[in-house]
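Here is how the chains run, residue by residue.
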Protein chains: 2
Amino acid sequence: MSGVKTVFEPQKVVLIGSSKIREKVGMASPQLFKSVIYNMKKFFGGKTYVLDVNGKAGYKKLSKLPEIPELAVIMLPSKQSVEQAEKCAKMSVKALVIITGGFRDEQRQQLLKIKEEYGTRILGPNTIMGVINTANGLNTTFERNVMPKKGNIAVISQSGGVGACLLDWACFYNVGISKFAFVGDKIDIDDVDLLRYFGNDRRTKVICLYMEGVKEGRKFIEETRKIVKKKPILALKGGTTRESAKRAKSHTASIAGSDEIFDAAFKKAGIIRVKDIEELMNAAIAFSKQPPMRGDNVAVISNVGGPAILAADAVARNNLKLAALSEKTKKRIQSLYPGVDATNPIDMIADARAERYSKVLGLVLADKNVDGALVINMLKSCFFEPEDAEVIKKVAARYPNKPVVDVPAGGEDFTLVYEVLGDTSIPLYNLPEKAVKVLKFLRIYAKIAEKH
Amino acid sequence: MSGVKTVFEPQKVVLIGSSKIREKVGMASPQLFKSVIYNMKKFFGGKTYVLDVNGKAGYKKLSKLPEIPELAVIMLPSKQSVEQAEKCAKMSVKALVIITGGFRDEQRQQLLKIKEEYGTRILGPNTIMGVINTANGLNTTFERNVMPKKGNIAVISQSGGVGACLLDWACFYNVGISKFAFVGDKIDIDDVDLLRYFGNDRRTKVICLYMEGVKEGRKFIEETRKIVKKKPILALKGGTTRESAKRAKSHTASIAGSDEIFDAAFKKAGIIRVKDIEELMNAAIAFSKQPPMRGDNVAVISNVGGPAILAADAVARNNLKLAALSEKTKKRIQSLYPGVDATNPIDMIADARAERYSKVLGLVLADKNVDGALVINMLKSCFFEPEDAEVIKKVAARYPNKPVVDVPAGGEDFTLVYEVLGDTSIPLYNLPEKAVKVLKFLRIYAKIAEKH
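Each value, and the rule that gives it
- Residues numbered from 1 in each chain as written.
- Chains lettered and ligands numbered in written order.
- Predicted model: local features only at pLDDT ≥ 70, side-chain atom pairs only at ≥ 80, totals over all residues.
- Heavy atoms only, no water.
- Pairing = 2+ DSSP bridges.
- Helix = DSSP H or I, 4+ residues; strand = E, 2+ residues; numbered from the N terminus.
- Contact = heavy atoms within 4.5 Å.
- Buried area = accessible area lost by both parts, 1.4 Å probe.
- Salt bridge = Lys/Arg side-chain N within 4 Å of Asp/Glu carboxyl O.
- Polar contact = N/O pair within 3.5 Å; in protein donor to acceptor, adjacent residues only side chain to side chain.
- Nonpolar A, V, L, I, M, F, W, Y, C, P; charged D, E, K, R; others polar.
- Domains from an automatic or database assignment.
- Least-squares fit on C-alpha atoms with pLDDT ≥ 70 in both.
- Patch = residues over 30% accessible without salt bridge, like charges linked within 9 Å, V, L, I, M, F, W, Y side chains within 5 Å.
- Areas by Shrake-Rupley, 256 points an atom, 1.4 Å probe, with all protein chains shown as cover.
- Lys, Arg positive; Asp, Glu negative; His and termini not counted.
- Charge placed at Lys NZ, Arg CZ, Asp CG, Glu CD.
- Buried < 20%, exposed > 50% of the residue type's maximum accessible area, 1.4 Å probe, protein only.

1. Some remarks on the sheet that holds strand β12 (residues 272-273) of chain A
Residues and elements named next belong to chain A.
- The strand order across the open sheet formed by seven strands is β7-β6-β9-β8-β10-β11-β12, and the pairing between neighbours is mixed. Each edge of the open sheet is held by one strand with a lone partner, namely β7 (138-139) and β12.
- Bridge count between strand β6 (residues 131-133) and β7: two bridges; the pairing is antiparallel. Bridge assignment links N133 to a residue of β7, and that residue is L138.

Okay, structure coming up:
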């Protein structure tokens, strides 16, 4: 098993910390240690050993363990972390996750030397939250009981804070995750290693990446070009201005580079760039559930007029097209529902319920002029009931090559429809503009997959 | 009392509908009638009469009422609505809200004639949801129990659907509303009438406007220029492309005009344009709670690195500046907290709690180089506890001329801090980018208020 794979799929793990040491400024603390132990014991399906370097929480020395674990998770101040890393390497532990930060350059060099001498792979230091694998329950975070549901979205975050925000977002909004990697200072295992691993991971369908900088640009581009043939990579880049890039450098010791260079690099690499955390999650959900969009033509089907107009505006703004429905489709719709004007965006009127949605969506998706559909179904000011939304899933399933996204626009309306469709293959968004944007990303990826 | 004022502040209201008529395609139905009666009886502080034109739900004729109400809410099919409107006008009812849609041009002309002959002011037809006034409990919507909390944000929506979405959003996210107006076809009372009324309404601090078109552009610009001296107007424009504008025309019978013309008109009028419903609500919340921003210089204070970098990126993207803190401020911060680098954006490190937030925010707001502050306080991956957020409100209150916005980034983290600060003067956003955008709007309005 490769070292990177060991980080996510170990059978046996040792947690190395202290029930006594508390850093004044820094992460190492008895509480953090306890919380990681708690999560691992609660979620991890393999064997978890605890090594308490100067306390009573578990074993006192690595050599006392009945067997050698493949993975060690280290959460000590920098000096002790380096010491423990070396001991692990000598005992043939295959991989290390170093949670704590505040390492000096010299200490980073020491870690690198350990890696070179013993072949031990290292994630970190300064990963803050380490790794999560929802398949085997591996969870080295210190947020008690924070575990996203199983799914096919992998996340790589260079920043502990952005990663924690993504994790919180995923848990709160019930987004299905395959694996989470907090990479920190990237002295050894870097984005490319992780992208390659996730690229081959059959449980991962789409990869999300938060990055502030990259060390070997050319290698990064070459490797990602191979991966995006198989699955989409979405990237959020932090440090896009001179000032914030400077800050990013001190934050995760990475060279940020100018924003234009990154833009060009992402394009060349076939990576889809997003502009904030919500866009990243929204796009990931769409890719995790729906196919790429094979053409520009979007049909909008709604039970309200205004939000459909806002959707149509967004279609144009995002360089997509409002599908021109065939005369046959229009005639069929208008003969079924004489009050409905079947010009796209289609306002099916406030009294539309399951039957009308089912028939009109079916006719629209069957139209060869349509590449994808955006459905709006509001409850407020309309007769639509949450359970009516079931038909959207059913009709969409008959057209597996055309993406369908749903917009129960608003606050409560969104949550009520989410209860019906949230766990299905239909992605839901609370505003039409957000749904159009994900259709744009589904369209962009179709082009990337063709080209690469 | 002017007719427009009567629409929002009547003492006595008559609801005119039918417990029998159900339109095949259209809004009129016994259920809608019942729901409006339910809401008015539940929320309205004045007197509510019910007139059931062909059933037993209340009085059978207007002339049988013991007194003449000032306002009539009509929810009948178009033909009967016109008949009832005329009867009301003859009985000196001062204003009408016409809920139902589907009026032909000829019928709109008849309504206009009634207005001209009797001076009766008319909101609608096709308002769908009519009006809400949280101060007196007036609520003519047919969504049972949907009533936003009292506040100082007024909303005008040309579209029933967008209005319903805004209403749902406001209720779900607990946004404080003064008044809601669904304007529909605008045959009489139009945006200008409503803006003028809200401009003078002491309970309204900021006005939100969803519009698809305007009839008298010059008058609209002249009037709004006067109002924006007193309070900000935020506008979301639907129908920005040729195709969607065409749809908007059939939707609310308005002339949409080209998007560039509207952009120029909004600028001239001193109206702040937003790009979606969330941006509209986010900006409104900021204006309802915080002062305009008198300069471009934003300080970012955070307990996590990555999200602070994303905030800094957004500051640049939104044409604001990262404040250059004075040497004195930096020295004070660094002497208090030696581990903290006091360069803006300030990463106060994951163990920052109430005391550090209080001191650093106080020092930053006291700095004359700072015009506003964006605070980020994540819980996940940090030591911050929700109740620590109290200090943000306290410190911000000492600097009433500098806006402060707070970002508990993420999902659950946001809701936990919302429980502490949601009902206070501090606006909360779930991502740094959204908070920066509202600071931009607070800055734009400061410039508008100076100029106009």
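2. Overview of the interface of chain A and chain B
- Listed per partner, the contact involves 71 residues of chain A and 70 residues of chain B.
- Together chain A and chain B conceal approximately 5200 Å² of surface at their shared face, both sides included; 65% is due to carbon and sulfur atoms.
- At the junction of chain A and chain B, the tally comes to four salt bridges.
- Across the salt bridge formed by D168(B) and K380(A), the nearest N and O atoms sit 2.9 Å from each other.
- Remark: the boundary between chain A and chain B carries 18 residue pairs in polar contact (both at pLDDT 80 or more).
- Those elements that provide at least two residues to the side of chain A that touches chain B are α5 (160-172), β11 (233-237), α8 (242-252), α10 (277-289), α11 (305-317), α15 (412-421) and α16 (432-451) of chain A.
- If one sorts the elements of the side of chain A that touches chain B by residue count, α11(A) sits on top with nine residues.
- Split into classes, the residues belonging to the side of chain A that touches chain B amount to 31 nonpolar, 20 polar and 20 charged.

3. Re the domain arrangement of chain A
All names here are of chain A.
- In terms of domains, chain A is made up of domain 1 (1-126), domain 2 (148-289) and domain 3 (291-451).
- Placing a centre on the C-alpha atoms of domain 1 and another on those of domain 2 gives a separation of 24 Å.
- Counting residues at the interface gives 16 residues for domain 1 and 17 residues for domain 2.
- Summing both partners gives a buried area of about 1400 Å² for domain 1 against domain 2, and 61% of it is carried by carbon and sulfur.
- Seen at the junction of domain 1 and domain 2, the total is four salt bridges.
- Here D185 ties to R108 by a salt bridge, and the two come within 3.1 Å at their closest N and O atoms.
- Our count for the contact surface shared by domain 1 and domain 2 stands at nine residue pairs in polar contact (both at pLDDT 80 or more).

4. A word on the relation of the copies chain A and chain B
- Between chain A and chain B, the superposition needs a rotation of 180° and an axial shift of 0.0 Å, giving an RMSD of 0.0 Å. Taken together, the rotation and translation describe the operation of a two-fold axis. Distance from the rotation axis, computed per C-alpha, reaches its smallest value in chain A at E278(A): 6.3 Å.

5. A word on a positive patch on the surface
Residues and elements named next belong to chain A.
- Taken together, the side chains of R218, R225, K229, K268 and K451 define a basic patch exposed on the protein surface.
- Considering every element that reaches the positive patch, the biggest residue donor is helix α7 (residues 217-230), with three residues.
- Within the secondary structure, R218 is located in helix α7.
- A relative accessible area of 68% places R218 in the exposed class.

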